[in-house]
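Residue-level structural notes
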Amino acid sequence: MRAFTQHQGIVAPMDRSNVDTDMIIPKQFLKSIKRTGFGPNLFDELRYLDEGKPDQDCSQRPLNPDFILNQERYKSASVLLARDNFGCGSSREHAPWALDDFGFRVIIAPSFADIFYNNCFKNGLLPIVLEEKIVDQLFQEAEQAEGYQLTVDLAAKTVTTPGGQSFGFDVDDFRRHCLLNGLDDIGVTLEDAELIKDFEANRRESAPWLFNVAN
Amino acid sequence: MAGKTLYDKLWDDHLIKQRDDGSALIYIDRQLLHEVTSPQAFEGLRLAGRKPWRLSANLATPDHNVPTTDREKGIDGIVDPVSRTQVETLDRNCDEFGILEFKIKDQRQGIVHVIGPEQGATLPGMTIVCGDSHTSTHGAFGTLAHGIGTSEVEHVLATQCLVQKKMKNMLVKVNGRLGAGVTGKDVVLAIIGKIGTAGGTGYAMEFGGEAIRQLSMEARMTICNMSIEAGARVGMVAVDDITIDYVKGRPFAPNGEQWDAAVAHWRTLHSDDDAVFDKVVELEGADIKPQVTWGTSPEMVTGVDGLVPDPANEADPIKREGIVRALKYMGLEANMPITDIQLDRVFIGSCTNSRIEDLREAAAVVKGRKVAPTLKQALVVPGSGLVKAQAEKEGLDKIFMEAGLEWRDPGCSMCLAMNADKLGQGEHCASTSNRNFEGRQGFGGRTHLVSPAMAAAAAVTGHFVDVRELTH
């Protein structure tokens, strides 16, 4: 996995709560058996005026001029500013894959849905929870100043505005450690392979019915 | 010391290692696999030169992409080449690694969350995962079951474990009894309406109270299925006689001495009387009416006798904007009665409501009636080949077809429209599925979530109607 230490980038404010993963990447694009190439279809139904199809050349499609990522000033954004319950619904990891493929590295919101939040960390994408009133302030600043950038430091657990104001955020130590070092967490788990084997052997003894195959 | 909740017990029973940083290694008893969220996980295994840790823990089936017609053609019946590749990839991966798969022409094929319980592959006390958020369904059996992403599918394949942080405990208690004609679907929609789509975020949600205890396993599955729509990855119901009776005799279920030992353990799978929950929500069963969603989030729901809300009455500006946007997308006017919503299609199916009881409830409503002429289509999609066979044995297929509904082959179908079954732009659908998100059932489609009985009532009238007026 790609490591995440620090990032500075342009902020795109998406002023809408309960953004679900169907909205982030609609189902017709989940038919791919790859992890890459989802970027052109990120927010497909909001971004384009027509119905998107897999393997289509998106550069020829009619854009929705009102959608945030179609505005020139946000086209190279890498920090997504969002509202409550971002990433709710389906567990599809294609959602973080699409955000990553578009170029996002950080998502800031007052709250995230659990499965999406977890999936981000597996893909070098950092979801940051900040208090609603701070998020409100960042929305105002990002909308007012073209080219508005935030700086995120995962080691220090801070988000810093261009004006030098710094906000701390919380993140689990394990997730932070894996992300800072770009660790493959399967490898980390397999360091405990002996423990897992012992646990499994005990379980097979105490609850053998869990290991049955069909009668 | 306070007693343990059901979730505490399940957690403790699967804890391999508590790490200093607050994370924990949890053993996974069962993984269910389907074609959409597994290909990249198998590819990851291959690239890293890893093998599945315990093959027999896994059970696979294609469900999202499969067509619901011409099943005898098997994979050749999948017209969309991209869908076909995905199903073929699952077959190839399961064959290569040696994982049990119910392939497209197997009568045991169906929606993963229907076939797990049907086969007894879902047993009380298990930890169960699947790359699908509706894995919470299995919690109805007193299991710890939740959806995971593809990276975690690979992690479980490779290690039989997950790295987790313990969630908080929440109890949703439904007191008293439900009124006639009120189903598990209405209960869970009412719960989501009360606590909101993020009300359960960060919690493992246990459903309890007299009304839940009275419900069948299939109704409990419907409720746990939609805990994720209230934000809770995990939904659970304690084990009782109803659970144990349901499991008995299924292909993967234990028998003989093993059965007795298993049952003795399963009887402990309930929250202790003095267990402490971080959050408790209570509803009165008698207050719950048949529910209908009017918006683009499952929390946008009301009783069938209600009105589409007026955004002017919402004080919170973000919520108000959400209502305005939802009404625009749904093509509805503020303050219009729910029963005035005219429908174009009806969908009875999905991992929420495609089991035999769901089909019986729907058939009871349409029996001797006809689908309204204004409807373009009414689909019935059973959850598995075995559900289909059972329904046909009971003659339900004939009741549906005589009424003008289409009787299809099993799969996820129009719940998420990855196959050919989808809504056209602007069409309204009464759907027994779980998500009314924008575009979920087709580009520009408008979904209203309801119970199977309510969907059946809508099918024969062409608009929403309180099913109790038709049946009582």
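These numbers were taken from a predicted model, which means no experiment stands behind them.

The rules behind these values
- Residues numbered from 1 in each chain as written.
- Chains lettered and ligands numbered in written order.
- Predicted model: local features only at pLDDT ≥ 70, side-chain atom pairs only at ≥ 80, totals over all residues.
- Heavy atoms only, no water.
- Helix = DSSP H or I, 4+ residues; strand = E, 2+ residues; numbered from the N terminus.
- Rg over C-alpha atoms; globule rule 2.2 N^0.38 Å.
- Buried < 20%, exposed > 50% of the residue type's maximum accessible area, 1.4 Å probe, protein only.
- Lys, Arg positive; Asp, Glu negative; His and termini not counted.
- Charge placed at Lys NZ, Arg CZ, Asp CG, Glu CD.
- UniProt positions renumbered as here; feature names shortened; annotations may be inferred.
- Axes fitted to C-alpha atoms, helices over the stretch in contact; angles between N-to-C directions.
- Parallel < 35°, antiparallel > 145°, perpendicular 65-115°, else oblique.
- Left-handed = near helix turned anticlockwise from the far one by under 90°.
- Contact = heavy atoms within 4.5 Å.
- Arc of directions from axis to C-beta.
- Pairing = 2+ DSSP bridges.
- Disulfide = S-S within 2.5 Å.
- Domains from an automatic or database assignment.
- Buried area = accessible area lost by both parts, 1.4 Å probe.
- Salt bridge = Lys/Arg side-chain N within 4 Å of Asp/Glu carboxyl O.
- Polar contact = N/O pair within 3.5 Å; in protein donor to acceptor, adjacent residues only side chain to side chain.
- Nonpolar A, V, L, I, M, F, W, Y, C, P; charged D, E, K, R; others polar.
- Phe/Tyr/Trp six-rings, centres within 6.5 Å; stacked < 30°, edge-to-face > 60°.
- Lys NZ or Arg CZ within 6 Å of the ring centre and 35° of its normal.

Let us look at the overall build of chain B. From N to C terminus, chain B includes 16 helices and 19 strands. The C-alpha atoms of chain B give 21 Å as radius of gyration, which agrees with the globular expectation for 472 residues (23 Å, within 12%). Expressed along its principal axes, the backbone C-alpha trace of chain B runs to roughly 55 × 55 × 45 Å. Burial statistics for chain B: of 472 residues in total, 68% are counted as buried. If you average the places of the 51 positive and of the 63 negative side-chain charges in chain B, the two averages end up 2 Å apart.

Following the UniProt record, one finds the feature "domain: Aconitase A/isopropylmalate dehydratase small subunit swivel" (unreviewed entry) at residues 1-132 of chain A. Between the C-alpha atoms that bound residues 1-132 of chain A there is a distance of 30 Å. The span itself is 20% helix and 14% strand.

Residues and elements named next belong to chain B. For the pair helix H12 (residues 356-366) and helix H15 (residues 452-461), interaxial distance at closest approach is 8 Å and the crossing angle is 30°. When the interaxial angle is binned, H12 and H15 end up roughly parallel. Considering how the two elements wind past one another, H12 and H15 form a crossing that is right-handed. Contacts between H12 and H15 involve Asp358, Glu361, Ala362, Val365 and Val366 on the former and, on the latter, Pro452, Ala453, Ala456, Ala457 and Val460.

Further remarks concern helix H10 (residues 256-266) of chain B. Residues and elements named next belong to chain B. Taken together, the buried positions of H10 are Trp259, Ala262, Val263 and Trp266. Relative to the axis of H10, the buried residues are bounded by an arc of 100° and lie together on one face. The outward face of H10, more than 90 degrees from its buried face, is lined by the exposed residues Glu257 and Asp260. Buried residues belonging to H10 abut helix H9 (241-247).

Residue and element names in this part refer to chain B. Looking at the secondary structure, you find Thr183 in the loop between strand E9 (168-175) and helix H6 (184-195). Given the relative accessible area of 11%, Thr183 is considered buried. What Thr183 contacts, discounting residues up to four positions off in sequence, is Glu361 and Ser451.

All right, on to the sheet that holds strand E1 (residues 15-18) of chain B then. With antiparallel pairing, the three strands of this open sheet are ordered in space as E1-E2-E8 (chain B). The open sheet is flanked by E1 and strand E8 (161-164) of chain B, the only strands paired with a single partner. Direction aside, neighbouring strands of the sheet carry axes that sit 20° apart on average. Pairing between E1(B) and strand E2 (residues 24-27) of chain B: three bridges, direction antiparallel. Residue pairing in the sheet places B:Gln18 in a bridge with B:Ala24 of E2(B). Each of E1, E2 and E8 of chain B touches helix H8 (residues 193-206) of chain A; the most contacted strand, E1(B), lies at about 150° to it.

We now examine the state of the cysteines. Residues and elements named next belong to chain B. Within this structure, the stated rule accounts for zero disulfides over all chains. No disulfide involves Cys224; its sulfur sits 12 Å from the nearest other cysteine sulfur, which is in Cys351. Under the relative-accessibility criterion, Cys224 is labelled buried at 0%.

With that settled, consider helix H8 (residues 217-225) of chain B. In terms of burial, H8(B) is a largely internal element, nine of the nine residues being buried. For H8(B), the set of buried residues is B:Met217, B:Glu218, B:Ala219, B:Arg220, B:Met221, B:Thr222, B:Ile223, B:Cys224 and B:Asn225.

What follows deals with the pairing of strand E5 (residues 149-153) of chain A. Note: strand E1 (residues 6-13) of chain A against E5(A), five bridges, orientation antiparallel. When the sheet's bridge partners are listed, A:Gln8 is paired in E5(A) with A:Thr151.

Bringing the domain arrangement of chain B into the picture now. Residue and element names in this part refer to chain B. Looking at chain B, the domain boundaries give domain 1 (1-289) and domain 2 (291-469). The C-alpha centroid of domain 2 is placed 24 Å from the C-alpha centroid of domain 1. Carbon and sulfur atoms make up 56% of the area that domain 1 and domain 2 hide from each other, which totals about 3600 Å². On inspection of domain 1 and its partner domain 2, the count reaches two salt bridges. A salt bridge links Arg435 to Glu229; the shortest N-O distance between them is 3.0 Å. At the junction of domain 1 and domain 2, the tally comes to 28 residue pairs in polar contact (both at pLDDT 80 or more). Among the elements that line the side of domain 1 that touches domain 2, the one with the most residues is H6, at six residues. For the side of domain 1 that touches domain 2, the class distribution of residues is 16 nonpolar, 22 polar and 10 charged.

Okay, the interface of chain B and chain A next. Facing the 78 residues of chain B at the interface are 63 residues of chain A. Regarding the contact of chain B and chain A, the summed buried area is about 6000 Å², with carbon and sulfur atoms giving 56% of it. At the surface where chain B touches chain A, the tally comes to 11 salt bridges. Here A:Arg203 makes a salt bridge to B:Asp13, at a shortest N to O gap of 3.7 Å.

Quick look at the environment of B:Cys351 now. Residue and element names in this part refer to chain B. For Cys351, the location among the structural elements is in the loop between strand E15 (345-348) and H12. The exposure class of Cys351 is buried, given its relative accessible area of 8%. Sequence separation of Cys351 and Val36 is 315 residues, and the distance between their C-alpha atoms is 15 Å. Leave out the neighbours within four places in its chain, and Cys351 touches Ile111, His113, Val114, His134, Asn225 and Asn434.

Time to look at unusual backbone geometry. All names here are of chain A. Positive phi is not limited to glycine here, since Asn85 has a value of about 60°. Summarising the element assignment, Asn85 is placed in the loop between strand E2 (79-81) and helix H3 (94-102). Residue class for Asn85 comes out buried when judged on its relative accessible area of 2%.

Let us now look at the packing of aromatic side chains. A full pass over the atoms with the stated rule returns 14 aromatic pairs over all chains. When the centroid spacing of 5.1 Å and the interplanar angle of 70° are considered together, the rings of A:Tyr117 and A:Phe121 count as edge-to-face. Of the two residues, A:Tyr117 and A:Phe121 both sit in helix H4 (residues 114-121), four residues apart, roughly one turn of that helix. By the burial criterion, A:Tyr117 is buried, and A:Phe121 matches it. Three or more aromatic residues joined by ring pairs make a cluster, and in this case those are A:Phe86, A:Phe112, A:Phe116, A:Tyr117 and A:Phe121. For A:Arg83, the ring lying beneath its charged end belongs to A:Phe139, and the centroid distance is 3.9 Å. One cation-aromatic arrangement involves B:Arg250 over B:Tyr246; the distance from NZ or CZ to the ring centre is 4.1 Å.

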